[in-house]
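Descriptive structure summary
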Amino acid sequence: QQQLAESGGGSVQAGGSLRLSCLTSGYAYRQMAWFRQAVGKDKEGVAVLYAVDAGTIYADAVKGRFTIAQDSDKTTLFLQMNRLKPEDTAMYYCAAATSDVGNWRRADYYDVWGQGTQVTVSS
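This report concerns the structure included in the present document.

What counts and what doesn't
Residues numbered from 1 in each chain as written. Predicted model: local features only at pLDDT ≥ 70, side-chain atom pairs only at ≥ 80, totals over all residues. Heavy atoms only, no water. Helix = DSSP H or I, 4+ residues; strand = E, 2+ residues; numbered from the N terminus. Buried < 20%, exposed > 50% of the residue type's maximum accessible area, 1.4 Å probe, protein only. Contact = heavy atoms within 4.5 Å. Core = buried A, V, L, I, M, F, W, Y, C linked by side-chain atoms within 4.5 Å.

1. A look at the side chain of R65
Mapped onto the elements of the fold, R65 is located in the loop between β6 (56-58) and β7 (66-70). Judged by its relative accessible area of 5%, R65 falls in the buried class. Discounting chain neighbours no more than four positions away, the residues touching R65 are Q80, M81, N82, R83, L84, K85 and D88.

2. Structural notes on the environment of Y109
You can see Y109 is positioned in the loop between β9 (90-97) and β10 (112-113). For Y109, a relative accessible area of 35% puts it in the partly exposed group. Once the C-alpha coordinates of Y109 and A95 are considered, the two residues, 14 residues apart in sequence, prove to be 9.5 Å apart.

3. Some remarks on the nonpolar core
If you look at the biggest cluster of nonpolar residues, it comprises 27 residues, and the most contacted ones within it are W34, L79, M81 and Y92. Residue assignment for this core shows that the elements contributing at least two residues are β3 (18-23), β4 (31-37), β5 (44-50), β7, β8 (76-81), β9 and β11 (117-122). Ranked by residue count, the leading element in this core is β9, at four residues. Setting aside chain neighbours within four positions, we find L79 in contact with L18, R19, L20, W34, V46, A47, F66, T67, I68 and Y92. Counting residues in each nonpolar core, the second largest holds eight residues, with A33, A95, W104 and Y110 among its members.

Put into structure tokens, the structure is as follows:
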């Protein structure tokens, strides 16, 4: 059974950095993404990485601060988060799709999810 496992969350002050990791077991997913969900809000797409060309797309709220990447073995997905803000506080999830997804922000298009890791940014 395919599984994803996130790690790297924690508490940090505004302006700080965290790096999230998602162990993917090396399965050849078509695309992988990070989502987040704050308390009382819907799950939102943060960033996506496409396997075919390693292309990436970011949500406007994190553009220029976050970087999505995969290691050379394609077993781990990362989300480097810099210049964190209190509004980045959320549970962060990695997600994977086994087929092409039309709208990368649609959470229901992804087949496999991790359990989530909490990120808390204090002001």
